[in-house]
Amino acid sequence: MRWGLRPSGPGAAAAARNLWGLPRLPCRLGWRGTTWRLLVRSVSGASNQLPNLNSGRYRDTVLLPQTSFPMKLLGRQQPDMELEIQQKCGFSELYSWQRERKVKTEFCLHDGPPYANGDAHIGHALNKILKDIVNRYHMMKGSKIHFVPGWDCHGLPIEIKVLSELGEKAQNLSAVEIRGKARSYAKAAIEKQKSAFTRWGIMADWNNCYYTFDEKYEAKQLRIFYDMYEKGLVYRAYKPVFWSPSSRTALAEAELEYNPEHVSRSIYVKFPILTPSPVLASLLDGSSPVSVLVWTTQPWTIPANQAISYMLEAKYAVVKCSNSGDIYILAADKVASVASALETKFEVISTFSGADLENGTCSHPMFPDKVSPLLPASHVNVTKGTGLVHTAPAHGMEDYSVASQHNLSMDCLVNEDGIFTDVAGPELQNKAVLEEGTDVVIKMLQAAKNLLKEEKLVHSYPYDWRTKKPVVIRASKQWFVNIMDIKPTAKELLKKVKFIPGSALNAMVEMMDRRPYWCISRQRVWGVPIPVFHHKTKDEFLINSQTIEHIIKLVEQHGSDIWWTLPPEQLLPKEILSQVGGPGALEYVPGQDILDIWFDSGTSWAHVLQGTDQRADLYVEGKDQLGGWFQSSLLTSVAARKKAPYKAVVVHGFTLGEKGEKMSKSLGNVINPDVVINGGQDQSKEPPYGADVLRWWVAESNVFTEVTVGPSVLNAARDDISKLRNTLRFLLGNVSGFNPETDSIPAADMHVIDQYMLHLLHDFANKITESYKQYDFGKVIRLLRAFYTRELSNFYFSIIKDRLYCENENDPKRRSCQTALAEILDVIVRSFAPILPHLAEEVFQHIPYANEPKSVFRTGWINTSSIWKKPGLEEAVESACAMRDSFLGSIPGKNAAEYKVVIVIEPGLLFEIMEMLQTQETSSTSQLNELMMASETTLLSQEPREITADAVELTGTFLINLEGGDIREESSYKVIVMPTTKEKCPRCWKYTAESSDALCPRCAEVVGAK
Ligand SMILES: [Zn+2]
């Protein structure tokens, strides 16, 4: 039993206690003052020639790795293998299996519903795979996963798609017919997306998803609507809202896209003073006409002007224009910039305070009979314009609040199509406001001599996200959520929600702050109806607990189609019907508005999270949802029950092309996940990578910023997985014939290097678990890649082959190594299983000692033993590696096995440590020699008596640092390198044989025993 670690001598025993027993605080080791760790790991300098054991006469006496686990999967083999694994390992049953487990903890990830339109794209892949990695990790850790995938099925995009496919036929269709077609369209898209998500290996019960067009979902949503209505948080009002003439509906902020290239026709207009305020009157001599100056980018809103707003506190100036001789009034701070914009000079006659404008009036620049009062308002500033703001209450949110305070008219002169109505006057009637209407307004201002300047202005302007056409702000009767009353509670509750990254919280609060109210009604048909009845002649509507209960019951049973299919009498409960005219003389008709789809999806917590406290542990979506689903879910949940619907929120970026550019069909850089998995038309350019490559890409990316994807990223992912596969194959091949139950070596009796690997494995496992916990999957990949390339392939695997292949099958040296390999295999597979479920299951199919191959996902998370933790071992292995590195560095390009080394260390801690790795003075089979990779190693405490002439002497120092610095000792060492005098053994190829035709003593013993 020479193989074991047996300390000798009293000094060594004391050091050994320190080394193997006690944990140690982090310490710093130095070797020649360089960061030796990187040097140690790679066998650089010398070539590491390993015997080619596949040939020769002793071929049958060596134990080569044996496994049917393929080294490479070429072409279609990769995707085909994944499909086979999904079948064989029960991917589709895994979700229900884990739900049925008796476990205490539940982890609930609430799936944000993708829109039921189009094929699954790379953005879906990023989102769904991220969620799946989280779920699989928590499931392996022992939690029951609650994850119900869903789809957002209603809304304008689908309705528009259906209508445009129908073309002219659409005009004759009823609401019910359009809804029927929209439903079929959504269903078809859902099926396609679902099969893609399943193919990516997403764990869920795909037969039990949620859909926003489900009867029960719709009924729950109506209940929340009524609940909020009763609390006064939902109300109907006439207000300016974003209006899309191209879709003929109101839009919410979340449905807008801002076009930075939009060109508006900005104008400077003068509003002639009709009655000056008393102070102003005292400043004017009456010799010239006096006007206030305003600037606007939306000339078409001038006809709807009702007032001019000013700042109470600011300073204003009376100026004389050098071009016209006219007198103008504008903010004192804007005199120079406006004069320059108008290409004139202003002579300041006097200045006065904004408050002095009070009670003044102007005449309308187009309609001289109309009066425009001057009113103070808090939203006016001097960043743009003149410091005096044209106020059209029907076309601006802030204008609207000025109008509410001062009882101004809010009449809207623009209809649903964005066209001036007859109220705007004969010259403007029937003209589209953003086109000809603007033109006519400018001409009318010119004719009235009130236009001072017109110029093109490029600025960011809201567009309809679906039709890609500009929207306008237009007052209309809509339903609103009073978010002003919800926001304070929502913000308070958000403090307890963990946002990852943390900055996302601020972004969300900022977006919420910018939102004055939430318009939830839409003038379309594909959605959940707003369950109110409108009086046929009066401006009154009907909704109460009786009507809503009746409607909810109907919707629960038949779906929301009933709103359009049932006669109105049947939509009302009998007791109400008799109060409102009875059948035949009904005074009310069902309203024609539907709910915003953000309200649809925002109430998903109520339907999907039933049975818990209706709060998910986690929401994971893209950053666009900070103004969308994250927010609508929060607002509805806070309104209904004063609770946030989530405990934590992970926010990821968007997917971009490889150089950080947007993906688009015209650029040809769109990455289609199906092509990634199955390959494209030209498979030499677009090879079939399989789903695991897609998943590796997601995990590896820094998902908290924009995520780039393209051929080189995918190729790199494939190469990484291929290297991982090689590592796994080595592990599987070398545990062949090993039975952990009967052949394992207790950790304390293992080779030092094997124990050291378990120590590294323990540390690796802890870091992996911590990284999953932090949702830092990129770190998981970095740790994994470093471990399998540096610690395993380059270091450990390069020195253990002789023990594995050439020792006796049952030799404890070999079993020690196999014990470590089996543990490494288990930890490694589990560490990447949530990311690469197909590869992990494939490995499990090839583990030779498993009685029946189990699913890695049904056998729990990484299980390490605390006895693996032996920080003292680092000193032993790393000091030996430091010496080996100086040795290998001295024989560049040569085979290390052709040299023998003499290590000279003066008596002390370092010598005692080395003595534990080699008890004999000279050995070719010691642990020290294995690490040195030499033919033989001699360990001396003093200089050898004779050194051959061709010897090379190397010197170095190594700082031993134990017990967190309590034991520190710097020792110098000398490594003497000489060519060996031994011959190459024909069996193990080590230079340890006495003659070229004889086996080395070790091989002779092994072969002889057979
Ligand atoms: Zn040999």
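Since we're looking at a predicted model, the values are computed, not measured.

Participant: Hey, could you run me through the overall build of the protein chain in this one?
Facilitator: Tallying secondary structure elements over the protein chain gives 33 helices and 33 strands in all. Taken over the C-alpha trace, the protein chain has a radius of gyration of 39 Å; the compact-globule value for 1010 residues is 30 Å, which it surpasses by more than 25%. Dimensions of the protein chain, computed from the C-alpha atoms along their principal axes, are close to 120 × 75 × 55 Å. Looking at the 1010 residues of the protein chain, the share that counts as buried comes to 57%. Expressed as a percentage of contacts within the protein chain between residues at least 6 apart in sequence, the contacts between residues at least 24 apart total 77%.

Participant: Quick question: what am I supposed to make of the UniProt feature "domain: Zinc finger FPG/IleRS-type" (unreviewed entry) in the protein chain here?
Facilitator: The positions UniProt marks with the feature "domain: Zinc finger FPG/IleRS-type" (unreviewed entry) are residues 983-1006. Annotated as residues 983-1006, this span is 25% helix and 0% strand, and its ends, taken at the C-alpha atoms, are 18 Å apart.

Participant: Whenever I open this one, the sheet that holds strand β26 (residues 646-652) confuses me. Can you help?
Facilitator: By definition, the strands of a sheet pair up through backbone hydrogen bonds, in either a parallel or an antiparallel sense. Read across the open sheet, the five strands follow the order β2-β1-β25-β26-β18; overall the sheet is parallel. Of all strands in the sheet, those with a lone pairing partner are β2 (144-146) and β18 (498-500), marking the two edges. Here the strands of the sheet are splayed against their neighbours by 20° on average, with no regard to which way each runs. With three bridges connecting them, β18 and β26 associate as parallel partners. Counterpart to K498 in the pairing with β26 is A648. Sheet strands touched by helix α5 (residues 122-140): β1 (106-110), β2, β25 (616-622) and β26. Its angle to β25, the strand with the most contacts, is close to 155°.

Participant: Sorry, what's going on with the environment of V441 here?
Facilitator: Within the fold, V441 resides in helix α12 (residues 433-447). The exposure class of V441 is buried, given its relative accessible area of 0%.

Participant: Quick question: what am I supposed to make of the packing of helix α27 (residues 777-806) against helix α28 (residues 812-832) here?
Facilitator: Helix-helix packing: each pair is described by the crossing angle between the helix axes and the interaxial distance. Running from amino to carboxyl end, α27 crosses α28 at an angle of 165°, the nearest separation of the two axes being 12 Å. With respect to α28, the axis of α27 lies roughly antiparallel. Judged by the twist between their axes, the crossing of α27 over α28 is left-handed. Where α27 abuts α28, its residues V780, L784, F787, L792, Y796, F797, I800, R803 and L804 lie against K813, R814, S816, C817, Q818, A820, L821, I824, I828, S831 and F832. Taken together, the residues of the contact of α27 with α28 break down into 14 nonpolar, three polar and three charged.

Participant: Even after reading the chapter, I still don't get the sheet that holds strand β30 (residues 922-923), so can you show me in this structure?
Facilitator: On the basis of which strands lie adjacent, the open sheet formed by five strands has the order β30-β31-β29-β33-β32 and mixed pairing. Each edge of the open sheet is held by one strand with a lone partner, namely β30 and β32 (952-962). Pairing of strand β29 (residues 899-905) with strand β31 (residues 936-940) involves five bridges; the strand directions are parallel. Bridged to I903 within β31 is L939.

Participant: Would you take a moment to explain the pattern of salt bridges for this structure?
Facilitator: In total, this model carries 50 salt bridges according to the counting rule given. With a shortest N-O distance of 3.2 Å, E159 and R524 are connected by a salt bridge. Here E159, found in helix α6 (residues 156-166), pairs with R524, found in the loop between β20 (521-522) and β21 (533-535); they are 365 residues apart in sequence, far enough to count as distant. For K443, the salt bridge is made with D439, and the minimal N-O distance between the two is 3.2 Å. Residue K443 and its partner D439 are both found in helix α12; the two are separated by four residues, about one turn of the helix. Of the residues examined, D439 reaches a relative accessible area of 24% and is grouped as partly exposed.

Participant: What is the right way to read the packing of aromatic side chains from this model?
Facilitator: Two measures describe an aromatic ring pair: the distance that separates the ring centres and the angle between the ring planes. For the structure shown, the criterion picks out 35 aromatic pairs. Here W151 and F197 contribute two aromatic rings whose centre-to-centre distance is 5.8 Å and whose plane-to-plane angle is 5°, an arrangement assigned as stacked. Of the two residues, W151 is situated in strand β3 (residues 150-151) and F197 in helix α7 (residues 175-199); the sequence distance between them amounts to 46 residues. Both residues of the pair, W151 and F197, belong to the buried class. Note on Y772 and W861: the rings are 5.3 Å apart at their centroids and 90° apart in plane angle, and the pair reads as edge-to-face. Taken together, the residues span a long stretch of sequence, with Y772 in helix α26 (residues 752-773) and W861 in the loop between α29 (837-844) and α30 (873-889) at a distance of 89 residues. Note on accessibility: Y772 and W861 belong to one class, buried. An aromatic cluster of three or more residues is present, and its members are W151, F197, W200, W206, Y211, F213 and W526. It is R136 that lies over the ring of F857; its NZ or CZ is 4.5 Å from the centre.

Participant: How should the coordination of the zinc ion be read in this particular structure?
Facilitator: Each pair of donors in an ideal octahedron of six around a metal sits at 90 or 180 degrees, and each pair in an ideal tetrahedron of four sits at 109.5 degrees. Coordination sphere of the zinc ion, protein contribution only: C985 (SG), C988 (SG), C1000 (SG) and C1003 (SG), at 2.2 to 2.4 Å. Coordination at the zinc ion is tetrahedral, judged from the four donor atoms that bind it and the angles of 104 to 115° they form at the metal. All donor residues of the zinc ion come from one chain, and their arrangement in sequence is C-x2-C-x11-C-x2-C. A residue is classified by how much of its surface remains accessible, and C985, at 0% relative accessible area, is buried. Looking at C988, the relative accessible area reads 2%, which means it is buried.

Participant: For this particular structure, what's the right way to read the nonpolar core?
Facilitator: Nonpolar side chains tend toward joint burial in soluble globular proteins. Within the largest apolar cluster, 239 residues are counted, with the highest numbers of intra-cluster contacts made by Y796 and F887. In terms of residue count, α27 provides more of this core than any other element does, 16 residues in total. Setting aside residues up to four positions removed in sequence, F887 forms contacts with A896, Y899, V901, M932, A934, L954, V975 and V977. Counting residues in hydrophobic clusters, the runner-up holds 61 residues, among them L280, V402, L413 and A475.

Participant: Looking at this structure, I do not really get the environment of A116. What am I missing?
Facilitator: Here A116 shows up in the loop between β1 and α5. Taking the C-alpha atoms as reference points, A116 and A188, separated by 72 residues in sequence, lie 8.4 Å from one another. Once you skip the residues sitting within four places of it in the chain, A116 turns out to touch W151, D152, C153, I158, Y185, A186, A189, I190 and Q193.

Participant: I tried to follow the confidence of the model for the protein chain on my own but got confused; where do I start?
Facilitator: As a note on interpretation, predicted positions should not be read in detail where pLDDT is low. In this model, the protein chain carries an average pLDDT of 89, and 94% of its residues clear a pLDDT of 70 or more. Per-element confidence in the protein chain ranges from a low mean pLDDT of 34 for helix α2 (residues 36-41) to a high of 98 for strand β4 (residues 210-211). Note on residues 1-50: pLDDT is under 50 here. Beyond four places in sequence and across chains, it has 124 contacts.

Participant: Explain the packing of helix α13 (residues 483-494) against helix α14 (residues 503-513) here, please?
Facilitator: Two numbers describe how α13 lies on α14: the axes approach to 11 Å, and their chain directions differ by 180°. Between α13 and α14, the angle falls in the class roughly antiparallel. Within the contact between the two elements, α13 uses K487, A490, K491 and L494 and α14 uses L505, M508, V509, M512 and D513. Of the residues that constitute the contact of α13 with α14, the class distribution is six nonpolar, no polar and three charged.

Participant: Just to check I follow, could you spell out the pairing of β26 for this structure?
Facilitator: As a general feature of sheets, a regular strand has side chains that alternate between the two faces. The buried count for β26 comes to six of seven residues, which makes it a mostly enclosed element. Note: β25 against β26, six bridges, orientation parallel. By the bridge assignment, Y619 is partnered in β26 with V649. Running through helix α21 (residues 629-641), the crossover from β25 to the neighbouring parallel element β26 is right-handed.

Participant: How should I be thinking about unusual backbone geometry in this particular structure?
Facilitator: Peptide bonds are mostly trans, and most non-glycine residues show a negative phi. The step from I500 to P501 runs through a cis peptide bond, and the omega angle for that step is -5°. For P501, the position within the fold is in the loop between β18 and α14. Even without a glycine there, the phi angle at K468 is positive, about 60°. Take K468: it is sitting in the loop between β16 (451-464) and β17 (472-481).

Participant: Sorry if this is basic, but what is going on with the side chain of T769 here?
Facilitator: Its location among the elements puts T769 in helix α26. A polar side-chain atom of T769 sits 2.9 Å from the main-chain carbonyl oxygen of A765. Not counting the four nearest positions on each side in its chain, T769 is found in contact with Y137, K141 and W861.

Participant: Help me understand the state of the cysteines in this model?
Facilitator: Between two cysteines, a covalent bond joining their sulfur atoms is known as a disulfide. Inspection of every chain in the model, using the stated rule, returns zero disulfides. With no disulfide of its own, C209 lies 10 Å from the sulfur of C153, the closest cysteine sulfur. Given the relative accessible area of 11%, C209 is considered buried. Here C412 is not disulfide-linked; the sulfur of C519 is the nearest cysteine sulfur, at 14 Å. By relative accessible area, which is 18% here, C412 ends up buried.

Cut-offs used in this document
Residues numbered from 1 in each chain as written. Predicted model: local features only at pLDDT ≥ 70, side-chain atom pairs only at ≥ 80, totals over all residues. Heavy atoms only, no water. Helix = DSSP H or I, 4+ residues; strand = E, 2+ residues; numbered from the N terminus. Rg over C-alpha atoms; globule rule 2.2 N^0.38 Å. Buried < 20%, exposed > 50% of the residue type's maximum accessible area, 1.4 Å probe, protein only. Contact = heavy atoms within 4.5 Å. UniProt positions renumbered as here; feature names shortened; annotations may be inferred. Pairing = 2+ DSSP bridges. Axes fitted to C-alpha atoms, helices over the stretch in contact; angles between N-to-C directions. Parallel < 35°, antiparallel > 145°, perpendicular 65-115°, else oblique. Left-handed = near helix turned anticlockwise from the far one by under 90°. Nonpolar A, V, L, I, M, F, W, Y, C, P; charged D, E, K, R; others polar. Salt bridge = Lys/Arg side-chain N within 4 Å of Asp/Glu carboxyl O. Phe/Tyr/Trp six-rings, centres within 6.5 Å; stacked < 30°, edge-to-face > 60°. Lys NZ or Arg CZ within 6 Å of the ring centre and 35° of its normal. Donors = N, O, S within 2.8 Å, 3.2 Å for Na, K, Ca; no water. Tetrahedral: all angles 85-135°; square planar, octahedral: opposite > 155°, others 65-115°. Core = buried A, V, L, I, M, F, W, Y, C linked by side-chain atoms within 4.5 Å. pLDDT = per-residue confidence, 0-100. Right-handed = clockwise from strand over helix to strand, strands pointing away. Polar contact = N/O pair within 3.5 Å; in protein donor to acceptor, adjacent residues only side chain to side chain. Disulfide = S-S within 2.5 Å.

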